[in-house]
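Summary of the model geometry
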Amino acid sequence: MSAIFGSVEYFERKIGNYLAKKQINDVNEKQLFNIAAQLEYEIRNDFICHERIKKECLENLFKVYSRISSAE
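Below is a short write-up of the structure. (Residues numbered from 1 in each chain as written. Predicted model: local features only at pLDDT ≥ 70, side-chain atom pairs only at ≥ 80, totals over all residues. Heavy atoms only, no water.)

1. Brief notes about the packing of helix H1 (residues 8-21) against helix H2 (residues 29-46)
Just so we agree on the cut-off: Axis lines are fitted to C-alpha atoms, over the contacting stretch for helices. Their N-to-C directions set the angle, which ranges from 0 to 180 degrees. Numbering goes from the N terminus for both helices and strands, where a helix is a DSSP run of H or I of at least four residues and a strand is a run of E of at least two. Orientation labels follow simple angle bins: below 35 degrees gives roughly parallel, above 145 gives roughly antiparallel, 65 to 115 gives roughly perpendicular, and whatever is left gives oblique. By convention, the crossing between two helices is left-handed when the near helix turns anticlockwise from the far helix through less than a right angle, and right-handed when the turn is clockwise. Only heavy atoms enter the contact rule, under which two residues are in contact if any of them lie within 4.5 Å. Residues are grouped as follows: nonpolar covers Ala, Val, Leu, Ile, Met, Phe, Trp, Tyr, Cys and Pro; charged covers Asp, Glu, Lys and Arg; every other residue, Gly included, is treated as polar.
Remark: H1 packs on H2, axes separated minimally by 11 Å, with the N-to-C direction vectors making an angle of 125°. With respect to H2, the axis of H1 lies oblique. Every pair of crossing elements has a handedness; the one defined by H1 and H2 is right-handed. Contacts from Phe-11, Lys-14, Ile-15, Tyr-18 and Leu-19 in H1 reach Leu-32, Ile-35, Leu-39 and Ile-43 in H2. Partitioning the contact of H1 with H2 into residue classes produces eight nonpolar, no polar and one charged.

Here is the structure:
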């Protein structure tokens, strides 16, 4: 079952897939920040939708980023 685009689960998978693809086992704050920044850029500039949806996606991304970065 796939996660709905823009949901917390979606961004958890997206970050997890990126880390697996790059074979990164011990993620550090800088790497995590760069991943989140790239996703934020894509949402703000490449994703065409209503601003309300962009805002919701960004909130979910920041939730995941905060949770992962505080777990380190």
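After that view, the rundown keeps rolling.
2. Digging into the packing of H1 against helix H3 (residues 51-71)
Contact pair H1 / H3: the axes reach a minimum separation of 8 Å and the direction vectors enclose 55°. The orientation of H1 relative to H3 falls into the category oblique. In the packing of H1 onto H3, the handedness of the crossing is right-handed. Residues Val-8, Phe-11, Glu-12 and Ile-15 of H1 touch H3, and the partners they reach there are Cys-57, Asn-60, Leu-61, Lys-63, Val-64, Arg-67 and Ile-68. A per-class count over the contact of H1 with H3 returns seven nonpolar, one polar and three charged.

By themselves, these figures tell us nothing about what the structure is for.
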